[in-house]
Amino acid sequence: MSNDKPVRVRFAPSPTGYLHVGGARTALYDFLYAKKYNGTFVLRIEDTDVERSTEEALKMQIQDLSWLGLKWDEGVDPVTLEDMGPYGPYRQSQRKSIYDKYAQQLLEKGNAYYCFLSDEEIDAQREQAKKEGRPPQVNSPYKDWDLEKALEHKKTSEVKPVIRFKTPDVKKDYLLNDLVRGEVRFPSDMVGDFVMIRSNGMPVYNFCCAIDDALMKLTHVFRAEEHLSNTLRQMMIYEALGFDLPQFGHLSIILGEDRQKLSKRHGATSVNEYKERGFLPDAMNNFLALLGWSSPEAQEIMSMDEMSQQFSTERLNSASAVFDETKLKWVNATHLRALPHNELWQLLQPYFDKEGFDLPQDSDWQDKALSLMKTSMETLKDGVELFRPLSKGSFSLSEKASDVLSWEPTKRVFEKWISLLNESDNIDEQGFMNMQNTIKKECEVKGKNLFMPIRVAVIGQPHGAEVKLLVPLMEKSELLERAQTALNSCT
RNA sequence: GUUCCCUUCGUCUAGUGGCCUAGGACAACGCCCUUUCACGGCGUAGACACGGGUUCGACUCCCGUAGGGAACGCCA
């Protein structure tokens with residue numbers, strides 16, 4: 001048990017694309033756990049697949065992780081991408097000499113061997129095994145060759161060999177004490193001799209993962225459930241090398257609405273997409289945390305600090321969870337509305353700029369406008385359509401207003417509204433109410449025949465925030481211009 | 001096919017043998033607030049996959065069945 005050692009956890013993405021929400025949740029749990037126990041969170045890059053790993057993807061992943069606020073203490077520096085910490089390098093592609101050393105050791109001890117099987121031979125073996133109803137494992141004729149003999153053969157062989165790990169001959173059970181699944185027992189013959197080093201000299205996941213986790217002194221390994229069966233291979237490597245096992249915690253998988261593993265066809269699966277759609281990092285974290293973990297206080301809305309304080313592996317759920325975007329939206333809306341208005345405005349600003357909105361810069365105005373609008377805002381992006389009516393010169397009559405424009409009293413209301421506007425100076429809430437009353441009396445309209453037309457003359461559509469609060473936020477000239485446009489469109 | 005994992009309201013979950021006529025949250029529905037739309041408040045409906053054990057007692061423990069998932073790669 002490694003309970004007394006200082007906690008060290010890691011997130012180890014392979015930079016082959018955007019950061020997936022599943023990965024984000026794993027990283028979040030790592031982060032929360034490290035924070036709770038004052039431990040170290042390390043970011044290691046698993047880029048041994050040179051074909052698929054790109055620098056671009058690495059930067060994307062780092063950006064997404066940073067956006068979520070999941071700061072790591074050790075690993076690849078988020079800005080310079082240089083190594084940061086005492087156990088580097090932190091990119092597996094740069095640790096080749098380390099893996100070679102251990103591979104050599106295993107080769108000499110007889111725990112590994114050069115295998116000269118060609119792809120065709122391996123395929124044939126698998127076919128055969130399948131036909132006989134056996135697990136499709138390779139059985140290499142080279143497993144008992146002397147190292148010298150293999151080395152000699154290597155010089156002249158046409159196939160470049162891989163190095164395979166030699167699984168134990170005697171059948172036994174490996175017992176894993178998983179933090180989320182409890183006791184898991186693997187029969188040793190569950191796996192065949194697996195490749196440790198590729199023919200191009202690059203190590204393979206199960207080999208370098210085990211070595212790095214041990215060398216980087218990681219105490220806890222949280223990762224997705226799909227790695228559960230890999231753990232047997234890694235345990236064998238730990239055993240052969242005499243390393244101490246860390247504590248493993250295999251997290252359940254996140255599913256889509258159809259209960260299949262979450263993938264592209266379910267819509268957005270990368271945190272970057274959610275960022276662009278106007279979700280807040282803390283809301284994202286909050287929602288993701290709840291997908292497989294629950295607060296002991298049954299709290300639903302939590303800050304990062306609250307989550308890390310309450311976090312524990314005992315409350316991790318072993319069943320897979322469906323990613324429910326509706327709930328995400330609710331979590332986001334709740335976080336959004338709790339934000340101080342100056343902060344919220346800053347987050348909204350880029351969206352407004354992108355649309356070219358002309359909105360007042362004074363903070364008092366912004367504060368009032370936000371109080372009015374944020375109750376119907378679920379994402380930052382919703383702010384766009386909400387604030388569009390408030391932007392100078394962006395008035396247009398919505399399709400939804402056409403009904404109102406055809407009502408009999410509408411034209412009268414518009415005309416009166418315009419004349420009253422002309423007579424007034426700065427209109428405050430009370431001022432507007434007075435105007436409304438005047439219209440009511442003089443035009444002899446009430447109910448929605450009164451309110452809807454005025455709203456249409458102000459924002460171009462019959463539904464939205466309270467007009468009496470909206471009007472004081474707008475300039476008289478703008479209001480006049482709009483009312484005139486509305487009047488001209490009466491049918 | 002083999003091995004491993006999983007199974008409580010539509011969804012996320014609470015539940016560690018009696019507190020469970022199964023609790024909460026999102027969604028749905030209804031009412032209230034509101035001369036619109038939201039927010040908010042209150043309420044209604046809705047689940048232990050199935051079958052055997054064990055036990056005085058099972059959502060909870062054991063065994064099967066069914067369903068779902070994962071792994072069996074020179075991907076991670």
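Residues numbered from 1 in each chain as written. Chains lettered and ligands numbered in written order. Predicted model: local features only at pLDDT ≥ 70, side-chain atom pairs only at ≥ 80, totals over all residues. Heavy atoms only, no water.

## Description of the side chain of R44
Counted only if it meets this: Numbering of helices and strands starts at the N terminus; helices are DSSP runs of H or I of at least 4 residues and strands are runs of E of at least 2. Note on classification: 1.4 Å probe, protein chains only; a residue is buried when its accessible area is under 20% of the maximum for its type, exposed when over 50%, partly exposed between these limits. Residues adjacent in sequence count toward polar contacts only when both atoms are side-chain atoms; beyond that, a polar contact is any pair of N or O atoms within 3.5 Å, and within protein one must be able to donate a hydrogen and the other to accept it. Whether two residues are in contact is decided by their heavy atoms: any pair within 4.5 Å suffices.
Here R44 is to be found in the loop between β2 (40-43) and α2 (55-68). Residue classification places R44 among the buried positions, given a relative accessible area of 0%. Here the side chain of R44 touches E46 through a polar contact of 2.8 Å, side chain to side chain. Among all residues touching R44, those that are not within four sequence positions of it are R10, F11, A12, P13, Y90, Q92, C209, D212, D213, M216 and L218.

## Side note on the sheet that holds strand β5 (residues 112-115)
Strand pairing within a sheet occurs via backbone hydrogen bonds; the two strands may be parallel or antiparallel. The cut-off we apply is this: The pairing criterion for strands is at least two bridges between them, as found by DSSP. All axes here are fitted lines through C-alpha atoms, helices being fitted over the stretch that makes contact, and every angle between N-to-C directions spans 0 to 180 degrees.
Read across the open sheet, the three strands follow the order β5-β6-β9; overall the sheet is antiparallel. Looking at the sheet topology across the chains shown, the edges are occupied by β5 and β9 (195-197). Each neighbouring strand pair of the sheet contributes to a mean axis angle of 45°, computed without reference to strand direction. Note that β5 and strand β6 (residues 162-165) share four bridges and pair antiparallel. Looking at β6, one finds that A112 is bridged to F165. Along the sheet face, helix α3 (residues 96-109) touches β5, β6 and β9 and points at about 95° away from the line of β5.

## A closer look at the pairing of β2
Keep this limit in mind: Throughout, right-handed denotes a crossover for which the path from the first strand over the helix to the second runs clockwise when the strands point away from the viewer.
Every second residue of β2 is oriented toward a common face, with T40 and V42 on one face and F41 and L43 on the other, all of them buried. Inspection of the sheet shows strand β1 (residues 8-11) paired to β2 by four bridges, in the parallel sense. Residue F11 lies in a different strand from β2, and its bridge partner there is L43. In this fold, the crossover linking β1 to β2 by way of helix α1 (residues 21-36) has right-handed handedness. With two bridges joining them, β2 and strand β3 (residues 74-76) adopt parallel strand pairing. Note that in β3 the partner of V42 across the bridge is E74.

## Brief notes about the domain arrangement of chain A
Here is the rule: Those domain boundaries reflect an automatic or database domain assignment. By buried area we mean how much accessible surface two parts lose on assembly, using a 1.4 Å probe and totalling the loss over both. Salt bridge, as used here: a side-chain nitrogen of Lys or Arg that lies within 4 Å of a carboxyl oxygen of Asp or Glu. Each residue gets one label: Ala, Val, Leu, Ile, Met, Phe, Trp, Tyr, Cys and Pro are nonpolar, Asp, Glu, Lys and Arg are charged, and the others, such as Gly, are polar.
Entries for chain A in the domain assignment read domain 1 (8-92 + 253-322), domain 2 (95-251), domain 3 (339-390) and domain 4 (399-488). Between domain 1 and domain 2, the C-alpha centre-to-centre distance is 27 Å. Residue-level contacts link 25 residues of domain 1 with 26 residues of domain 2. Summed over both sides, the interface of domain 1 with domain 2 buries roughly 2,400 Å², with 55% coming from carbon and sulfur. The largest share of the area that domain 1 buries against domain 2 comes from R8, R10 and Q92, three residues that together contribute 26% of it. Applying the counting rule to domain 1 against domain 2 returns four salt bridges. For the salt bridge of K261 with E226, the shortest nitrogen-to-oxygen distance reads 3.5 Å. For the pair domain 1 and domain 2, the number of links is twelve residue pairs in polar contact (both at pLDDT 80 or more). It is α1 that contributes the most residues to the side of domain 1 that touches domain 2, five residues altogether. Its residues assigned to classes, the side of domain 1 that touches domain 2 shows ten nonpolar, six polar and nine charged.

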